[in-house]
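Structure at a glance
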Amino acid sequence: MDREGLAAMNSLVDVQASQQSDLRHDWSVAEVEALFALPFNDLIFQAQNVHRRRFDANEVQMSTLLSIKTGGCAEDCAYCPQAAQYQTGVEADKLMSVAKVVAEAKAAKDGGASRYCMGAAWRELKDRDVEAICDIVKGVKDLGLETCMTLGMLTGPQADALAGAGLDYYNHNIDTSPEYYGEIITTRTYDDRLQTLDRVRSAGMKVCCGGIVGLGEGRRDRAGMLVTLANMAEHPESVPINMLVQVEGTPLHGTDKLEPLEFVRTIAVARIMMPASMVRLSAGRETMGDEIQALAFLAGANSIFCGPKLLTTANPTQPRDEALFDKLGLKPMPAHSHHA
Ligand code: SAM
Ligand code: DTB
Ligand code: SF4
């Protein structure tokens with residue numbers, strides 16, 4: 001290598017090293033509350049700066065969701081229309097066939113999705129379903145899509161089996177702060193969640209982990225949730241920030257709505273704390289105006305769920321999202337270019 005080549009290489013190594021060193025894992029809740037309390041313009045400016053160091057600020061990664069096993073869930077998550085004990089009108093269904101899932105995934109790919117996320121309303125994955133789930137992963141991967149699954153709690157060997165089948169991401173949300181968790185779910189603990197996340201990491205899969213705001217939690221809980229995420233040994237590669245979709249029949253239906261600009265602040269703080277992660281403007285877009293979505297992108301969100309349905313509730317249709325992207329000059333992020 002000539003001298004210029006070596007200099008260029010060294011400066012690249014320096015940039016990479018300085019980018020690594022700005023990934024912190026020692027946040028305190030008080031410090032994060034101080035970020036939340038910044039003047040709005042200062043917070044958004046800081047988040048944009050962090051975002052632009054690693055990402056093209058006009059690119060948004062698109063994932064599509066499919067519920068491969070709907071309803072009848074044994075857990076009591078107070079936000080969830082799929083919990084068996086709430087009367088929400090969601091019918092319990094069996095696990096979808098491999099052929100049906102692959103056909104749905106192909107349609108999503110044709111619609112521009114780069115990642116296919118499949119969710120099951122299970123408390124935990126059962127060993128008897130592992131083979132069918134692995135076949136689904138292989139079928140969707142063969143289409144050239146990235147794969148993500150969310151199936152509830154996993155044992156170590158189950159996580160290894162999913163990784164072996166080629167599953168790229170596992171989604172498992174911590175939902176809220178450790179202090180507020182017991183108000184929302186009583187059938188499992190925060191530690192159960194963290195244990196599954198450890199198993200996903202140990203198996204070598206990428207982690208998709210985030211939470212929900214608008215559950216009636218306080219700002220301190222939003223800060224506490226982000227501290228849990230950012231203080232993990234490695235930041236989750238993907239951080240979905242969901243705005244509660246209020247569903248009639250769930251205990252949280254009728255909860256005071258979160259102020260939309262507080263939602264934008266949560267995205268901005270997540271971006272600042274986890275600069276290299278994909279931050280997803282997740283559930284809740286259906287009832288959000290273009291203005292709040294535009295602010296969320298400005299605050300550093302760079303991923304969305306596209307397609308007319310999340311798991312059981314509505315999401316903006318493709319024409320509506322295309323119109324939004326046109327207005328904002330946004331473009332879909334190409335597959336496999338997501339990691340800063
Ligand atoms: N049963 C598995 C589990 O809970 O891990 C996977 C499916 S579960 C429906 C996936 C995630 O969706 C939950 O962790 C929660 O964060 C989110 N979610 C569920 N219902 C929601 C709602 N009404 N509004 C916003 N997010 C919701
Ligand atoms: C995530 O954080 N949000 C998605 C996905 N991961 C699985 C689910 C949102 C579900 C919203 C309610 C519903 O449609 O049932
Ligand atoms: Fe079940 Fe997941 Fe819904 Fe909780 S969020 S009730 S675990 S489907």
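Residues numbered from 1 in each chain as written. Chains lettered and ligands numbered in written order. Predicted model: local features only at pLDDT ≥ 70, side-chain atom pairs only at ≥ 80, totals over all residues. Heavy atoms only, no water.

Our next topic: the packing of aromatic side chains. The full count for this structure, using the stated rule, is two aromatic pairs. Consider the rings of tyrosine 181 and tyrosine 190, whose centres lie 5.1 Å apart with planes at 75°: the pair is edge-to-face. The same class applies to tyrosine 181 and to tyrosine 190, which are both buried. Where phenylalanine 297 meets phenylalanine 325, the ring centres are 6.4 Å apart and the plane angle is 85°; that geometry is what we call edge-to-face. Within this pair, whereas phenylalanine 297 is found in helix α11 (residues 290-298), its partner phenylalanine 325 is found in helix α12 (residues 318-328), the two being separated by 28 residues in sequence. (Phe/Tyr/Trp six-rings, centres within 6.5 Å; stacked < 30°, edge-to-face > 60°. Buried < 20%, exposed > 50% of the residue type's maximum accessible area, 1.4 Å probe, protein only. Helix = DSSP H or I, 4+ residues; strand = E, 2+ residues; numbered from the N terminus.)

Within the structure, ligand 1 sits among 17 residues, and Thr150, Asn173, Asp175, Arg193 and Val245 are positioned closest to it. At a separation of 3.2 Å, a nitrogen atom of ligand 1 approaches a polar backbone atom of alanine 120. Measuring from an oxygen atom of ligand 1, one finds a side-chain N or O atom of aspartate 175 at 2.7 Å. Summarising the interface, the protein chains cover 91% of the accessible area of ligand 1, which totals 560 Å² for the free molecule. Of all the cavities here, the one that holds ligand 1 is the largest cavity. Tallied by class, residues from the shell around ligand 1 come to nine nonpolar, six polar and two charged. (Near = heavy atom within 4 Å. Polar contact = N/O pair within 3.5 Å; in protein donor to acceptor, adjacent residues only side chain to side chain. Areas by Shrake-Rupley, 256 points an atom, 1.4 Å probe, with all protein chains shown as cover. 1 Å grid on protein atoms, 1.4 Å probe; cavity = no way out; pocket = protein on both sides within 12 Å on 5 of 7 lines; lining within 4 Å. Sits in = over half its atoms within 2 Å of the grid points. Nonpolar A, V, L, I, M, F, W, Y, C, P; charged D, E, K, R; others polar.)

The topology assignment puts threonine 70 in the loop between β1 (59-69) and α4 (98-110). Taking the relative accessible area as the measure of exposure, threonine 70 reaches 16% and is therefore buried. There is a polar contact of 2.7 Å between the side chain of threonine 70 and the side chain of serine 67. Beyond its immediate stretch of four places on either side in the chain, threonine 70 contacts Gln82, Val90, Glu91, Ala92, Asp93, Ala121 and Thr312. (Contact = heavy atoms within 4.5 Å.)

What follows is about the pairing of strand β3 (residues 146-150). Burial within β3 is extensive, with five of its five residues counted as buried. The two faces of β3 match: Glu146, Cys148 and Thr150 on one face and Thr147 and Met149 on the other face are all buried. With five bridges connecting them, strand β2 (residues 115-120) and β3 associate as parallel partners. In the sheet register, methionine 118 faces β3, and the bridge partner there is methionine 149. Viewed along the sheet, the connection from β2 through helix α5 (residues 130-141) into β3 turns out right-handed. Pairing analysis gives two bridges linking β3 to strand β4 (residues 169-171), with the strands arranged parallel. Across the sheet, cysteine 148 pairs through a bridge with tyrosine 169, a residue of β4. Each parallel crossover has a hand, and for β3 linked through helix α6 (residues 156-165) to β4 it is right-handed. (Pairing = 2+ DSSP bridges. Right-handed = clockwise from strand over helix to strand, strands pointing away.)

As a further point, take the environment of asparagine 171. Structurally, asparagine 171 is set in strand β4. According to the relative accessible area criterion, asparagine 171 is buried, its value standing at 13%. Ignoring anything within four residues of it in the chain, the contact list for asparagine 171 reads Cys148, Met149, Thr150, Cys208 and Pro240.

On to the site of ligand 2, then. As a matter of local geometry, ligand 2 sits amid 13 residues, with Asn173, Asn242, Leu311, Thr312 and Thr313 nearest to it. Within the contact set of ligand 2, a nitrogen atom lies 3.4 Å away from a side-chain nitrogen or oxygen of asparagine 171. At a separation of 2.7 Å, an oxygen atom of ligand 2 approaches a polar side-chain atom of threonine 312. Isolated, ligand 2 exposes 400 Å² of accessible area, and the fraction of that covered by the protein chains is 88%. When atoms are counted within 2 Å of each cavity's grid points, the one that captures over half of ligand 2 is the largest cavity.

The next thing to look at is the environment of arginine 219. Residue position: arginine 219 is located in helix α9 (residues 219-230). Here arginine 219 falls in the partly exposed class, since its relative accessible area comes to 30%. Each C-alpha atom, one on arginine 219 and one on phenylalanine 305, is 25 Å from the other, the two residues being 86 residues apart in sequence. Leave out the neighbours within four places in its chain, and arginine 219 touches Phe36, Ala37, Glu262 and Arg265.

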